[in-house]
Structure formats: structure tokens, C-alpha cells
Amino acid sequence: ALGNLAVNMENKLLIVRMGGLEPLIRQMLSPNVDAQINSVGCITNLATAEENKMRIAKSGALLPLTRLARSRDVRVQRNAAGALLNMTHSAEHRQQLISAGSVPVLVELLSTDDQELQYYATTALSNIAVDESGRQLLWETQPTLVDALIRFVDASTIKVQCQAILTLRNLASDEQYQIQIVEHGGLDALLPLLQSAYDPLVISAAACLRNLSIHPDNEEHILSSGILPCLVSLTTHTGSEEVQCHVISALRNLVANNDADKTPFAKAGLFEHIREVISDPQTSDVVMGEMVAALSVFVLDDTLWPYMVDGGYLELLIPLTHSESVDLQCNACAIISSLASKASEISDRLVQVWDKPDGGLQSYLAAFVKVDEGMDPTLRSLAIWT
């Protein structure tokens, strides 16, 4: 009866306030499977209310919930795992779960054949991996975790796939996991998902790859995996801003990581794709900002900047110096300044854009060099440097 009442938010709060947790815990400790199913299911519902979570954590319920997640009855397991998952939505509660010994049990559930348990376990572990302390605990105590998650990338259930990838993404916030995921075959698992027609999978895979691309030792592996053309193609994936932002960030990381020849990036059509995005009037400010920020890194590479000149990027960037976004202005000005430092090699192109488009370089320089107390000092410095 309490379980049926606990689907309403007001009732959830009232049950806990009236002392309902203690008898529910007693029922969890019962050897009767039906009592376990119903009591754990009720606590699972109660744990969806934020106000209840601290009381549940302090009530002593986490230890029996953790034990019942190992039950031989899959119905009990599902309810217990669902309750543990509901307790992973804040850092404080995640630490309480760790103290209750829940992490090894959640990792054990990854080996089950039940897709609901797989989903609950991967989602809970993804939340635990948000915290640095949680990632460190997983690194020190769960050496098989990455392999298990990579296997789930090929899972038949999309929601399990997504959560496994998101867990890998969160783990890849740390250097040791960035290396391990790549060494254990993570790139081969991610490539098909980047080519998926289902956007949530593409978003998850792109976000994971963005974090993996941070480590310079991974660049060679990423470039040899066949992922580069896919990343470049996804920069024009207008169906999802998240995908566009993740992949351009990954490309920026890869270019910035070392001084190796970056010709493959240009040969993959990187600058044609970015030009298409910047030229599209429908491109959002967020995506535009990420693209131009990446260009401010690409222009510093001796292999890549000539492609920007030949691709007409001066003409594209000059109008952006008048943007209402200071960050966009600064990055556009920084790129122009970097290209202007090559004046002896591209003097003809600089002459071509002296008075057009939008007043050209002449208008840009005049606007930012003039005496104006309200002028951003960074913009003035860039104009003077140009």
C-alpha cells in the first residue's frame, strides 16, 4: 500500500516524515522475497524526492539496499539497483553510497544479462564518476571497469550503450583513464557510434572522444583509427549543436597537442566544413564561438594557416570583429592578427580585404585603435599588433 501511495510527491514526503523508513528497512531485512520486493520498491520511489534522500542515507537503508542488489531474485535486484541509482544524483549522497560499499556491487551488476540492471548500474557508475574522488576510487579498486563498459558499447539496448559511453566520458576526465580507454580498444568501439543515425549515441560518443583527445599520447592512435574524417564531417551536423561543439573541441585538442604534421586535418576537408558552418546564417552563437575558438588554435600551426588564407577566412572573419560577443570578437581579431604576421607571404590577400567586406581591415583597425575608454583593452592590443 505504501508503495502505491509513494508515486505521489506529497505522499513520498509524508511517508518519510511520519517515520515510514524504519518499518520499510525491517521489511528489507526479511527473508521473504515478496516483502523485499515491495519494501525496496517503495524506497526506490521515495528516493526520487530530493528531500528524502538525506533521510534515507542516514536511516541505515543503504547497507541493506546494497546487499539486496546481489539478491538471487532479479525483481529484488532491479528495485535495489534503482534505489541506489536514485541516490547518486548529488555529490554528498554519492559519498554515502561509497561508504556503504555500493560501488563494487554496481560493478558486479555489469556482468548480468538483465538489461534493466545493466542500465541502472551504468547510470549509477556514470554519476559516481562525475566526482574526482569517485573516479579515483574506481581506478584503485575496479581494474575491470573499462573493459566491461567498452563491451557495453556494443550492447543491443541503446539506453545501455549511451550510459556506458557517458561513464567512459566521465572517467576520461582523468589522465590515466584517457590512456587506458584508448589502450583497451575504446576508439574502435566509438567509431561506429559516431556514424549512428541516432543523435544521443552520436552526442555521447563525441563527448567521450573530446575527453580522450585531451591526452597528447592519444593523438596518433586517434588519427590512425579512421576517426578523423568522421569528426570533420560531424562539424556540419546541424541536427545537434552538442555534436558540433564536441567534435570541434576534439579537433582543436588534437591540433594543439603536439607539433606533428597536421596536413591530414586539412586533407580531410576541415576548413571547407568549418567555412560552411561559419557562412550559415542559421549557425547559433554557441557553435560559432566554438568554431572560431578552434580556428584561433589552427592558425598557429604552420601547416594549417595557409589553408585558412586560401580558403578565404580573412573575408569570413572580418565581419565577426563587429560581433556583439566579446569572446567571438577577440578570437576573430586574434586570428586576423596571426595571419597579418605573415604579411610578407600573403600581402596580396591582405590588400584584397583592405576595404571589404564590411569596411575590411581598414574599418576594423580604425574602430579598435581609436581612443575610447569603453574599448576592451584586449581588442585594442590585437588591433595594434595587427
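Look above for the structure.
Being a predicted model, the structure only gives us computed values, none of them experimental. (Residues numbered from 1 in each chain as written. Predicted model: local features only at pLDDT ≥ 70, side-chain atom pairs only at ≥ 80, totals over all residues. Heavy atoms only, no water.)

1. A few points about the packing of helix α11 (residues 132-141) against helix α14 (residues 175-183)
Running from amino to carboxyl end, α11 crosses α14 at an angle of 50 degrees, the nearest separation of the two axes being 11 Å. Judged by the angle between their axes, α11 and α14 are oblique. Handedness of the α11/α14 crossing: left-handed. Here α11 contributes R135, Q136, L138 and W139 to the contact with α14, which in turn contributes Q176, Y177 and Q180. Split into classes, the residues belonging to the contact of α11 with α14 amount to three nonpolar, three polar and one charged. (Axes fitted to C-alpha atoms, helices over the stretch in contact; angles between N-to-C directions. Helix = DSSP H or I, 4+ residues; strand = E, 2+ residues; numbered from the N terminus. Parallel < 35°, antiparallel > 145°, perpendicular 65-115°, else oblique. Left-handed = near helix turned anticlockwise from the far one by under 90°. Contact = heavy atoms within 4.5 Å. Nonpolar A, V, L, I, M, F, W, Y, C, P; charged D, E, K, R; others polar.)

2. Focus on the packing of aromatic side chains
Throughout the structure, instances matching the rule amount to five aromatic pairs. Plain terms: the ring middles of Y119 and Y120 are 6.1 Å apart, the flat faces sit at 55 degrees to each other, and that makes the pair tilted. Measuring from centroid to centroid gives 6.3 Å for F271 and Y307, while their planes differ by 10 degrees, and the two rings are stacked. Placement of F271 in helix α21 (residues 270-279) and of Y307 in helix α23 (residues 305-310) is noted, with a sequence separation of 36 residues between them. Members of the aromatic cluster, each reached through a chain of ring pairs, are F271, F298, Y307 and Y313. (Phe/Tyr/Trp six-rings, centres within 6.5 Å; stacked < 30°, edge-to-face > 60°.)

3. Observations regarding the nonpolar core
Residues I278 and F298 are the most contacted members of the largest nonpolar core, which totals 124 residues. Every residue in contact with F298, bar those within four places of it in the chain, is listed here: I248, L251, R252, V255, L270, F271, I274, L304, W305 and M308. (Core = buried A, V, L, I, M, F, W, Y, C linked by side-chain atoms within 4.5 Å. Buried < 20%, exposed > 50% of the residue type's maximum accessible area, 1.4 Å probe, protein only.)

4. Observations concerning the environment of R75
Relative to the assigned elements, R75 resides in helix α7 (residues 74-86). You can call R75 partly exposed: its relative accessible area is 42%. Residue contacts for R75: discarding those within four places in its chain leaves V33 and I37. Within the structure, R75 has its side chain in polar contact with the side chain of D73 (distance 2.8 Å). (Polar contact = N/O pair within 3.5 Å; in protein donor to acceptor, adjacent residues only side chain to side chain.)

5. Quick notes on the side chain of S30
Counting through the fold element by element, S30 comes out in the loop between α3 (21-28) and α4 (33-46). Overall, S30 belongs to the buried group, its relative accessible area being 17%. Not counting chain neighbours up to four residues away, the residues in contact with S30 comprise A35 and Q36.

6. Regarding α7
The end-to-end C-alpha distance of α7 is 18 Å, a good match for the 18 Å that 13 residues give at a rise of 1.5 Å each. For α7, the complete set of buried residues consists of V76, Q77, A80, A81, G82, A83, L84, L85 and N86. (Expected span 1.5 Å × (residues − 1).)

7. What about the pattern of salt bridges?
Applying the stated rule across the entire model yields nine salt bridges. Among the salt bridges present, the one from E116 reaches K159, with a minimum N-O distance of 3.0 Å. Placement of the pair is E116 in helix α10 (residues 115-128) and K159 in helix α13 (residues 158-171), with a sequence separation of 43 residues. Using a relative accessible area of 27% as the deciding quantity, one classes E116 as partly exposed. Close ionic contact of E290 with R252 constitutes a salt bridge, the shortest N to O distance being 3.9 Å. You can see E290 sitting in helix α22 (residues 285-298) and its partner R252 sitting in helix α19 (residues 241-257), a full 38 residues away along the chain. Residue classification places E290 among the partly exposed positions, given a relative accessible area of 24%. On the accessibility criterion, R252 (22% relative accessible area) is partly exposed. (Salt bridge = Lys/Arg side-chain N within 4 Å of Asp/Glu carboxyl O.)

8. Quick word on the side chain of S225
The topology assignment puts S225 in the loop between α17 (219-224) and α18 (228-234). Exposure remark for S225: the relative accessible area of 19% places this residue in the buried category. Within the structure, the side chain of S225 is placed 2.6 Å from the backbone oxygen of I222, a separation counted as a polar contact.

9. Section: the packing of α21 against α22
Packing of α21 against α22 leaves a shortest axis separation of 10 Å and a crossing angle of 145 degrees. Crossing of α21 over α22 shows left-handed handedness. Of the residues in α22, those in contact with L270, F271, I274, V277 and I278 of α21 are V287, M288, M291, V292, L295 and F298. Tallied by class, the residues present in the contact of α21 with α22 amount to eleven nonpolar, no polar and no charged.

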